[in-house]
Each structure stands twice: as structure tokens, then as C-alpha cells.
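# Architecture and fold: a report
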Amino acid sequence: MEAKQQVGFCSVCFHLSAEPVCEICSAPNRDHNTICVVADSRDVIALERTREYKGKYHVLGGLISPIDGIGPDQLHITQLVRRVSQQSIKEVILAISPSVEGETTTLYVGQLLKPFTRVTRIAFGLPMGGDLEYADEVTLARALEGRRDLD
Amino acid sequence: MYLKTLHLRQFRNYRDQQVEFFAPKTILLGDNAQGKSNLLEAAELLATLRSHRATRDRELVQEGEAIGQITATLEKDTGLTDLAIALRANGRRTVALNGETLRRQLDFLGVMNAVQFSSLDLDLVRGGPGQRRSWLDALLTQLEPVYAYILQQYNHVLRQRNAFLKQQRKDGDRPVPVSFVDEAVPAVELLAESAGSEAIPPDATQLAIWDAQLAAIGSRVIRRRARVIERLAPIAQFWHQAISDNKELLEVNYAPNVGLEQDDPAVVQQAFLAKIQQRAIAEHYQGTSLVGPHRDEVEFTINQTPARQYGSQGQQRTLVLSLKLAELKLIESVVGEAPLLLLDDVLAELDLNRQNKLLETIQDRFQTLITTTHLGSFDAQWLKSSQILTVEAGKIRPS
Ligand SMILES: Nc1ncnc2c1ncn2[C@@H]1O[C@H](COP(=O)(O)OP(=O)(O)OP(=O)(O)O)[C@@H](O)[C@H]1O
Ligand SMILES: [Mg+2]
Ligand SMILES: [Zn+2]
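Reading the values: rules and limits
- Residues numbered from 1 in each chain as written.
- Chains lettered and ligands numbered in written order.
- Predicted model: local features only at pLDDT ≥ 70, side-chain atom pairs only at ≥ 80, totals over all residues.
- Heavy atoms only, no water.
- Helix = DSSP H or I, 4+ residues; strand = E, 2+ residues; numbered from the N terminus.
- Buried < 20%, exposed > 50% of the residue type's maximum accessible area, 1.4 Å probe, protein only.
- Areas by Shrake-Rupley, 256 points an atom, 1.4 Å probe, with all protein chains shown as cover.
- Donors = N, O, S within 2.8 Å, 3.2 Å for Na, K, Ca; no water.
- Tetrahedral: all angles 85-135°; square planar, octahedral: opposite > 155°, others 65-115°.
- Polar contact = N/O pair within 3.5 Å; in protein donor to acceptor, adjacent residues only side chain to side chain.
- Pairing = 2+ DSSP bridges.
- Contact = heavy atoms within 4.5 Å.
- Axes fitted to C-alpha atoms, helices over the stretch in contact; angles between N-to-C directions.
- Phe/Tyr/Trp six-rings, centres within 6.5 Å; stacked < 30°, edge-to-face > 60°.
- Near = heavy atom within 4 Å.
- Nonpolar A, V, L, I, M, F, W, Y, C, P; charged D, E, K, R; others polar.
- Parallel < 35°, antiparallel > 145°, perpendicular 65-115°, else oblique.
- Left-handed = near helix turned anticlockwise from the far one by under 90°.

Across its full length, chain A carries six helices and seven strands. When the helices and strands of chain A are read in sequence order from the N terminus, they spell out α-β-β-α-β-α-β-α-β-α-β-α-β. For chain A, the proportion of its 151 residues judged to be buried stands at 49%. Here chain A displays about 7800 Å² of accessible surface, and carbon together with sulfur accounts for 49% of that area.

With that settled, the discussion passes to the coordination of the zinc ion (ligand 3). Perfect tetrahedral coordination of a metal by four donors corresponds to 109.5 degrees between them, and perfect octahedral coordination by six donors corresponds to 90 or 180 degrees. Residues and elements named next belong to chain A. Here the zinc ion (ligand 3) is held by the protein donor atoms Cys10 (SG), Cys13 (SG), Cys22 (SG) and Cys25 (SG), which lie 2.2 to 2.3 Å from it. If you look at the zinc ion (ligand 3), its four donor atoms make angles of 107 to 113° with each other, and the shape they trace is tetrahedral. Look at where the donors of the zinc ion (ligand 3) fall in the sequence and you get C-x2-C-x8-C-x2-C. Residue cysteine 10 is found in the loop between strand S1 (8-9) and strand S2 (16-17), and its partner cysteine 22 is found in the loop between S2 and helix H2 (23-26); the two are separated by 12 residues along the sequence. Each member of the pair cysteine 10 and cysteine 22 is classed as buried.

Turning to the environment of glutamine 313 of chain B, a few remarks are in order. Residues and elements named next belong to chain B. The residue glutamine 313 is located in helix H11 (residues 313-335) in this model. Sequence separation of glutamine 313 and glutamine 213 is 100 residues, and the distance between their C-alpha atoms is 42 Å. Looking at glutamine 313, its side chain comes within polar contact range of the side chain of arginine 126, at 3.3 Å.

Turning to the sheet that holds strand S5 (residues 79-88) of chain B, a few remarks are in order. All names here are of chain B. With antiparallel pairing, six strands are arranged side by side in an open sheet as S2-S1-S4-S5-S6-S7. The sheet is open, and its two edges are formed by strand S2 (14-20) and strand S7 (100-101), each paired on a single side. Sheet topology places strand S6 (residues 94-97) next to S7; two bridges connect them, and they run antiparallel. Looking across to S7, one finds that alanine 96 is bridged to threonine 101. Those strands touched by helix H1 (residues 36-48) are strand S1 (2-11), S2, strand S4 (67-76) and S5, and its axis lies near 115° from that of S1.

Bringing the packing of aromatic side chains into the picture now. Residue and element names in this part refer to chain B. Counting across every chain of the model gives three aromatic pairs over all chains. Judged by centre distance (6.3 Å) and plane angle (65°), the rings of tryptophan 135 and phenylalanine 300 are edge-to-face. With a gap of 165 residues between them, tryptophan 135 in helix H4 (residues 129-143) and phenylalanine 300 in strand S10 (residues 297-302) connect regions that are remote in the sequence. Phenylalanine 300 shares its class with tryptophan 135; the two are buried.

Attention now moves to the side chain of arginine 83 of chain A. All names here are of chain A. Note on placement: arginine 83 falls in helix H4 (residues 77-86). At a separation of 3.0 Å, a polar atom in the side chain of arginine 83 contacts the side chain of histidine 58. Once you skip the residues sitting within four places of it in the chain, arginine 83 turns out to touch Val12, Cys13, Ile35, Lys56, Tyr57, His58 and Ile89.

Okay, the site of ligand 1 next. Residues and elements named next belong to chain B. The local shell around ligand 1 holds 16 residues, among which Ala33, Lys36, Ser37, Asn38 and Val61 are the closest. Interatomic distance of 2.8 Å between a backbone N/O atom of valine 61 and a nitrogen atom of ligand 1. Contact with the protein chains covers 72% of the free accessible surface of ligand 1, which is 660 Å². Sort the elements by how many residues they give to the shell around ligand 1 and H1 lands first, with three residues. Of the residues that constitute the shell around ligand 1, the class distribution is two nonpolar, seven polar and seven charged.

Okay, the packing of H4 of chain B against H11 of chain B next. All names here are of chain B. With their axes 10 Å apart at the nearest point, H4 and H11 run at an angle of 20° to one another. Relative to H11, the element H4 is oriented roughly parallel. Read as a crossing pair, H4 and H11 show a hand that is right-handed. Between H4 and H11, the contacting residues are Trp135, Leu139, Gln142 and Leu143 on the first element and Leu323, Lys324, Glu327, Leu330, Ile331, Val334 and Val335 on the second. Tallied by class, residues from the contact of H4 with H11 come to eight nonpolar, one polar and two charged.

Dropping the structure here:
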């Protein structure tokens, strides 16, 4: 509990971080031109376990869900658009679970980012609302590899 | 298929009751409120995971208990299957097949099939469109279990979209004149047109996505409903004609809210989106979804007259019986095995002609569970090849 209270959010990608800028964002050897967008910090952890992905992340902090009163304004979407429009990002990968809310969020974010860069989404073989968090490393790695352009 | 055993533990008013079925027909005989319908309800749950009378699992679990269980052995052409449902007063139900708990409840559907027929089914004709939709949905779920998932997705998207529309209306803070709360008022459209760009909702991007999601999943619902009615209608017509001695022509017609010109996913989706566009202003003012299969209707006409308003009692009874017989036949032909028939209190209400038509159809092919308070109330033929069980205060014994 004590430790948790000290953890804040990275000011760049909104991943959990004790420092103002997280380890991933400040790592010099990572690919600066690719951003992987996820709903939650747990998804970052899951994707890091695959050791496949070398780019940066952006944590939205949830999914669009009008029932729960969550709209784009409640998520870190403006910050993402700013990041993408102001830096030379070559690809944004949307790695969001294919639930109803995940699909809406994917399409929404995709629409906003398309004018600036190439937008892809991971291939989800997991039927019926599989969660990133519960997918094993091999499945996740394959999902990343099989990503396709968002249409 | 044949239900060989049924074991109810802490289910409704049954503490611990094992039942063995050994005849094509089983008559459950007992006074009121002894547990006859409860037993049929257990069979219904095994087939559909739904009960037409309980809204929450808590009602199904014996009062004062935390967990209730239904277990059964079903014999099919492919062999024996053990089915189990655990219901909880607080918490989610779990289901198992052959001792293995399933991760997805969807995989439990389609193992056992049953057609339920109770005196309440007259509401199918007399009640509102919602009743006909749930009947259709329950049938579809048995024919293609994935439909349960599609429908659940649709309802989920619908709830999200409704929440979004409601919230947009609030954000827009535009007073809605009472006269405009009614749907299909062209004046609303006119007014909004004059309001110009102001009528465009602030988050058009998100709305367009909800529209697309609703149309995509909604089209799947529509196409499946259309398909099942297309197959069911001629069978129901045949039976209605037979029972009415060729005097009556029954037509069962699917009246989808979004017109179905062609059974092509892209075409249906286009029509869906076009209708949403048409109704956009009204939806915005009312803050709710006005387009989609949640507004579908199934129409029954007898000799071209709507059965709901103009059908006589007898005609309506014939209609419902014809629908049930059609369900039996359709499930049998799609699934490849005869489903169970669950007759709750309904037999005594049918006259001899209708009773006999029913009997001719089921013969010994469809395992039938029948509840009644008096054996004398139906034709003696039913007693042939029947097993009679007495139900008393949650206990069952041979009589
Ligand atoms: N959760 C429950 N726990 C204990 N008893 C219950 C529960 N739910 C229902 N009952 C009891 O079950 C009885 C009703 O059983 P059921 O509906 O099967 O009657 P029935 O034999 O079909 O009667 P009828 O001939 O009137 O239709 C009632 O006595 C009711 O109190
Ligand atoms: Mg009853
Ligand atoms: Zn960071």
C-alpha cells in the first residue's frame, strides 16, 4: 500500500512510474518512431513480457464507455494526438481488446491519428472480448506481428 | 434426445430430488404450488440457460441457501452427456459438461434442446412485440447458439449508444418541447433543420462509431431473425391449416424495423445506417436509439386479418399450438434430433381435436414432460406410454 501511493504516472505516456518520465520513455535504445496505444498499464506490462516490442507506449487510462460516463475527455487522448502530431511518429499500433468499448476506442483514436501517421491494430485471434492482460506471451507476440492497417 | 435423469438440489422448493425418466411421456401430477412447473423450469434452464419466469438466479436457489444445482444425464445419438448448472444466490452461475466446468456459457447451449409450451404462451399472440422478440430469440439460441452471443453484443452496444445519446442531449442542453418527445413527428425534423448546424451533436466522430457498431451487429441479428421466420412460417402454416380443417390460412411475417431487401450483410448494414440518418434528429431529441432490431415485430395474420386484435380465443390457441409444433419440427430438422417438449398446464386447455393433433405429432419420438393437477382433464390416449409421477411439496414419487 505504502509503495503504491508513491507511484505516479509518466508525464509522457501515462504508464505507472515513480519518476516524472518512465523508464521506457527515457530509454535511449528504444524505437522513438513507434507508439503502441493500450488501455491500461497492465497491458504495457503484458506486452513487455513478450520482449518483442521495442517502441514506446501510450496508456489511455481506460476505454470509451458512455454507460460509465467515460468519454474521450476522460482518457489521455488529447495528449496522444499531440505526441503524434508533434513528433515524427512512423506508426501507431493500437493494442486494445476487441470488446465493444475497445472497438469504439480503437476506431475513435484511429480516426484522430490517421491524418498524421500510419495507424495499425493488432490482430486479435482471441474471440469474444479477450483481454490483453490474460493473453499469454506467444499469443500476444503473434498478435503484434500480425497487425494490420486500420481501415 | 432423451433426458434420462434429473437431479435437483436446493433448486426452488426441491431440497434433494433425483428423478429417473423411463417413458416417452412423463406426467407430473400434483396440486397447485407443489413444484411441477419448477421441475419443467429446470429442464428449460438446461436447454436455454434461461427461465421464462425468473429474472435473477437468486429466485431459483432454494430460499435461505447459497447455491442450487441442476444436474442431468442426456442421451443423444452421439452418446451420454452429463450436464450441470450451479446457481448462486450471490454470484455468477457456472455450467459444466461431463464434469468439466466451461469457461464460456455459450458452449453449454445447444447440447439439450426443448420447446416450452405453457398457458402463458397465449401472450405470444396477445402481448406486445417484446414478447414475440424474446420468443424468437430463444428459438434462435437453440438453433444456433452463437446467436446468444450476437444478441448480447447487440444489447450491449445498444445500451452504450443510448447512454451516449442521452448524455449528448444533456450536454447540448437544448430544451425538448413535450410534443416532440413522440417519435415519427416530421415537425421535429423541420424544426431541427431550421436550427441549422446547431443540431449537429458535438461528438459526431463518436456517434458515427456507435452507429457503425450498432449497424454491424444489428444486421447480424436481423438476418438471423429473418432466416428463422422464413423457415418456421411454412411449417406453422401447415399445422394451423391442419388443425383448423383447412379453414384458416396462417401467415407469420417478420417485420423488421430496418427493412430487409436482400440477405446480404453489406446491404442490410447500408439500410440500417441510412435509417439512422433519417431518424438522427428524432434520436437526438429523444436521447435514445429509435432504429434497430430492438424495435422488430413479428406479425401473425389469419386469413389476412391480424390475429392479435381480431383473432378469436380459439384461433389464437390454434395459432400458438401451430407455432409450438413448428418449433419442434424446425429444431428437429436443424439439430438432427427430436427436442424435448415441456407442456406446462396447457394440455387441459386444448380441446380434443387439438390434443390429438399434438399427440399425432409427438408420438413417441419427442420426449414430453406434462404437468397437470388432474389426470381426468385430458384424453386417455395420453396415458398410454406414460410414466406418472406425483409431485408434493418439493418431493417426487411414482404414483
Ligand atoms: N427459491 C425458492 N425456494 C423455496 N421455495 C420456492 C422457491 N421458489 C418457489 N418456491 C415454491 O415453489 C412452489 C411453486 O412451485 P411451482 O410453480 O412448481 O408450482 P406448480 O406445482 O407448478 O403449481 P401450479 O399447479 O399452481 O402451477 C411455491 O410453493 C413456492 O413457494
Ligand atoms: Mg405450475
Ligand atoms: Zn512513459
